[in-house]
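Reading the structure
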Amino acid sequence: MNEPTRHDHKELLASLVSGKLPRNLSWSAVIDLIGNIGEVQPHGNDEFVFEVGAERSFFKRPSGHDLAVEEVSRLRRFLKEAGALGKPATDSQKGRVVVVIDHHAAHIYQSLGESGPQGEVNVKPYDPFGFHHHLIHRKEAHYKGERVPEEASYYEEIARDLVPAEAIVLVGHGTGKSSAVEFLTEYLKAHHPEEFQRIVTIETVDLSALTEPQIEEIVKRHLGVAIRAD
């Protein structure tokens, strides 16, 4: 893989591989970046072959100006496997994630290892076993007398944070349509099958009474992480 020569390419590559995925990523910016660090070859009318290092993958030109969020996530995986910004990700570099979710917010506890990205999470004062904590709030409109419809962008944002994980535990409450954790599971199954396959277990609990020590116990039980003494 060639080293990026331009500052904007370096920043975009770092964001794609180690940081928060960009919300608006133009096709022209992607072509420019891949052409700088590897090769872009046309393959039909709207399809192109990206080659970076030993990795080779097909990407289709979007119908609009920007890539869809699913394609941005796929581009991140491609660049990681190509060894962008260092060696390809190994199991020891990947991390464990616990998602505590309801219809209003998702608390994401991430353990990405010493070499893992930390720029995309907010560190919470309570930090069991070295996990970092990231909070995603759902953007809700005002609905009277009915439950707020599901919002795909909310679950997509959660899915983005699950890309580096090798083991995922989902924690929620309720069943069926009343369960955000079940909706997230079905969303991952349909749109992010790789992340869906990494789900270790789904815990159903009373979130209103869930305490941080109980989160520790869930993590220890399913992910085998020892609790750090204070």
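Structure report, in brief. (Residues numbered from 1 in each chain as written. Predicted model: local features only at pLDDT ≥ 70, side-chain atom pairs only at ≥ 80, totals over all residues. Heavy atoms only, no water.)

**Side note on the nonpolar core**
Ranked by internal contacts, the top residues of the largest apolar core, which has 21 residues, are L16, I34, F50, L75 and L79. Mapped by element, the contributors of at least two residues to this core are α1 (7-18), α2 (27-37), β2 (47-52) and α3 (69-81). The dominant element in this core, judged by the number of residues it contributes, is α2, at five residues. In this structure, L79 is in contact with L13, L16, V17, I34, I37 and A84, ignoring residues within four places of it in sequence. (Core = buried A, V, L, I, M, F, W, Y, C linked by side-chain atoms within 4.5 Å. Buried < 20%, exposed > 50% of the residue type's maximum accessible area, 1.4 Å probe, protein only. Helix = DSSP H or I, 4+ residues; strand = E, 2+ residues; numbered from the N terminus. Contact = heavy atoms within 4.5 Å.)

**Looking at the packing of helix α4 (residues 152-162) against helix α5 (residues 180-191)**
Packing of α4 against α5 leaves a shortest axis separation of 10 Å and a crossing angle of 70°. With respect to each other, α4 and α5 are oriented roughly perpendicular. Taken as a pair, α4 and α5 cross one another with a handedness that is right-handed. Facing α4, whose interface residues are A152, Y155, E156, I158, A159 and L162, α5 presents A180, F183, L184, Y187 and L188. (Axes fitted to C-alpha atoms, helices over the stretch in contact; angles between N-to-C directions. Parallel < 35°, antiparallel > 145°, perpendicular 65-115°, else oblique. Left-handed = near helix turned anticlockwise from the far one by under 90°.)

**With respect to the environment of P164**
With respect to the secondary-structure elements, P164 resides in the loop between α4 and β7 (165-172). Judged by its relative accessible area of 9%, P164 is buried. P164 sits 147 residues away from V17 along the chain, and the two C-alpha atoms are 9.6 Å apart.

**Here's the deal with the packing of aromatic side chains**
Counted under the stated rule, the structure contains seven aromatic pairs. Judged by centre distance (5.9 Å) and plane angle (25°), the rings of W27 and F50 are stacked. Pair noted here: W27 is in helix α2 and F50 is in strand β2, with a separation of 23 residues, a long-range link. With respect to class, W27 is no different from F50; both count as buried. Linked through ring pairs, W27, F48, F50, F59 and F78 together constitute an aromatic cluster. Sitting over the ring of F59, R74 keeps its end group 4.0 Å from the ring centre. (Phe/Tyr/Trp six-rings, centres within 6.5 Å; stacked < 30°, edge-to-face > 60°. Lys NZ or Arg CZ within 6 Å of the ring centre and 35° of its normal.)

**Looking at α3**
Here α3 contains 13 residues, and its C-alpha end-to-end distance of 19 Å stays within 8% of the 18 Å for a straight helix at 1.5 Å per residue. For α3, the full list of buried residues reads V72, S73, L75, R76, R77, F78, L79 and K80. Looking at the packing, one finds that the buried side of α3 touches α1, α2, β2, β3 (55-60), α4 and α6 (193-197). Looking at the residues trailing α3, positive phi occurs at G83, about 85°. (Expected span 1.5 Å × (residues − 1).)

**A closer look at the side chain of R198**
Structurally, the position occupied by R198 is in the loop between α6 and β8 (199-204). For R198, a relative accessible area of 17% gives the class buried. Those residues in contact with R198 that sit more than four places away from it in its chain are L162, V163, A165, E166, A167 and I168.

**Examining the pairing of strand β1 (residues 39-42)**
Bridge count for β1 against β2 is four bridges, and the pairing is antiparallel. Within β2, the residue paired with E39 across the bridge is E51. Linkage of β1 to β2, two consecutive antiparallel strands, is achieved through a turn of four residues, within which G44 is found at a positive phi near 95°. (Pairing = 2+ DSSP bridges.)

**Observations concerning the sheet that holds β3**
With antiparallel pairing, three strands are arranged side by side in an open sheet as β1-β2-β3. One side of each edge strand has no neighbouring strand; the edge strands of this open sheet are β1 and β3. Between one strand axis and the next, the sheet turns through 25° on average, direction left out of account. Where α2 meets the sheet, it contacts β1, β2 and β3, and its direction lies at approximately 40° from that of β2. Against the sheet, α3 contacts β2 and β3, and its axis sits at roughly 165° relative to β3.

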